Amino acid sequence: EAEYTLSVLSCTNDSRNLIYEDGALPTVCDLMKHSNPQVQAGACAVLAALAGRDPRGHGSYSIDPTKEEEVDDIGTLPLDAQIFIEADVVSTLVPLLSHGNATVQEEALHAIMQLCPIERLQTLVLAQEALPKLIELLHCGTILAQGYAGTTLRLLACTPERLEEIEAAVPTPSSTLNWTASDDEKQRAIVR
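Residues numbered from 1 in each chain as written. Predicted model: local features only at pLDDT ≥ 70, side-chain atom pairs only at ≥ 80, totals over all residues. Heavy atoms only, no water.

**Thoughts on the nonpolar core**
(1) Moving on: Ranked by internal contacts, the top residues of the largest apolar core, which has 51 residues, are L47, F84 and L93.
(2) Moving on: At eight residues, helix α4 (residues 37-51) tops the list of elements feeding residues into this core.
(3) Moving on: Excluding its chain neighbours within four sequence positions, the residues that come into contact with L47 are L25, V28, M32, F84, V89, L93 and A111. (Core = buried A, V, L, I, M, F, W, Y, C linked by side-chain atoms within 4.5 Å. Buried < 20%, exposed > 50% of the residue type's maximum accessible area, 1.4 Å probe, protein only. Helix = DSSP H or I, 4+ residues; strand = E, 2+ residues; numbered from the N terminus. Contact = heavy atoms within 4.5 Å.)

In structure tokens:
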């Protein structure tokens, strides 16, 4: 229940900063390593909320390209990315993508997706070899997991080189995933 409360409280940039300043991030990371799937899922949900970005923190729901301070904030988190790097959250989250509990997978994906607008964090996600699992969950996960995985892959495909890397990782019909003949077209279009 504490995880749920923290995730609800983390709904604005100011409250995210306050929760971080009160020292919750190390505890959240420890809870993601807990043996109880409900606790793990809750901790991942808190991390996703902490990594989220509330455009209302600017006083508007959309970025105004005429206001330099808003343009400069595109692709930033309310908490500095270095905080998540130092807490080593990516290496804790990526193994949870292989968890046997679908809710844990969904919440871990949600947290990774929330971290992926930042290039430094994208690099860490790819370095943890999350790409095959993201593609597998896009193909075989729950509907929610598919949505998070697809969005994460789109965020990761931010350069032509990364897009090629992702496309190369998509299995062919003869590989280990159970692709059907109609999936040939899916393979070509999966991240486009």
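**Considerations on the environment of L25**
(1) Moving on: Mapped onto the secondary structure, L25 falls in helix α3 (residues 24-32).
(2) Moving on: When sequence neighbours within four positions are dropped, the list of residues in contact with L25 reads Y20, L47, L50, I83, F84, A87 and V89.

**Side note on the environment of E129**
(1) Moving on: Relative to the elements of secondary structure, E129 occurs in the loop between α9 (119-127) and α10 (131-140).
(2) Moving on: The class for E129 is exposed, based on a relative accessible area of 64%.
(3) Moving on: Spatially, the C-alpha atom of E129 lies 9.9 Å from that of S91, the residues being 38 residues apart in sequence.

**Details of unusual backbone geometry**
(1) Moving on: Although it is not a glycine, D88 adopts a positive phi angle of roughly 55°.
(2) Moving on: Relative to the assigned elements, D88 resides in the loop between α6 (81-86) and α7 (89-93).
(3) Moving on: Of note in this structure, E129 is not a glycine but carries a positive phi near 60°.

**Quick notes on the packing of α10 against helix α11 (residues 143-156)**
(1) Moving on: Running from N to C, α10 and α11 point in directions that differ by 135°, and their axes come no closer than 8 Å. Taken together, the axis directions place α10 and α11 in an arrangement best described as oblique. The handedness of the crossing between α10 and α11 is left-handed. In contact with L131, L134, I135, L137, L138, H139 and C140 of α10, α11 contributes A145, Q146, A149, G150, T152, L153 and L156.
(2) Moving on: Its residues assigned to classes, the contact of α10 with α11 shows ten nonpolar, four polar and no charged. (Axes fitted to C-alpha atoms, helices over the stretch in contact; angles between N-to-C directions. Parallel < 35°, antiparallel > 145°, perpendicular 65-115°, else oblique. Left-handed = near helix turned anticlockwise from the far one by under 90°. Nonpolar A, V, L, I, M, F, W, Y, C, P; charged D, E, K, R; others polar.)

**Notes on the side chain of E106**
(1) Moving on: Counting through the fold element by element, E106 comes out in helix α8 (residues 102-115).
(2) Moving on: An unpaired buried charge is present at E106: no salt bridge exists, and K133, the closest side chain of opposite charge, is 13 Å distant.
(3) Moving on: A distance of 2.6 Å separates a polar atom in the side chain of E106 from a polar atom in the side chain of T142.
(4) Moving on: Leave out the neighbours within four places in its chain, and E106 touches T142, L144, A145 and Y148. (Lys, Arg positive; Asp, Glu negative; His and termini not counted. Salt bridge = Lys/Arg side-chain N within 4 Å of Asp/Glu carboxyl O. Polar contact = N/O pair within 3.5 Å; in protein donor to acceptor, adjacent residues only side chain to side chain.)

**Some details on the environment of A43**
(1) Moving on: With respect to the helices and strands, the residue A43 is situated in helix α4.
(2) Moving on: Residue A43 is classed as buried on the basis of its relative accessible area, which comes to 1%.
(3) Moving on: With 16 residues separating them along the chain, A43 and T27 place their C-alpha atoms 8.8 Å apart.

**Thoughts on the pattern of salt bridges**
(1) Moving on: Under the definition given, this model contains one salt bridge.
(2) Moving on: The partner of E136 in a salt bridge is K133, with the nearest N and O atoms 3.2 Å apart. Of this pair, E136 and K133 both sit in helix α10, three residues apart, roughly one helical turn.
(3) Moving on: Using a relative accessible area of 32% as the deciding quantity, one classes E136 as partly exposed.

**Focus on α8**
(1) Moving on: Across its 14 residues, α8 extends 20 Å between first and last C-alpha, which sits within 8% of the 20 Å expected from 1.5 Å per residue.
(2) Moving on: For α8, the buried fraction is high: eleven of the 14 residues fall into the buried class.
(3) Moving on: Where α8 is concerned, the buried positions are V104, Q105, E106, E107, A108, L109, H110, A111, I112, M113 and L115.
(4) Moving on: Those residues of α8 that are buried are in contact with α4, α6, α7, α9, α10 and α11.
(5) Moving on: Two or three places before T103, at the opening of α8, N101 has a side-chain oxygen 2.8 Å from that residue's backbone nitrogen. (Expected span 1.5 Å × (residues − 1).)

It is worth stressing that arrangement in space is one thing and function is another; only the former is reported here.
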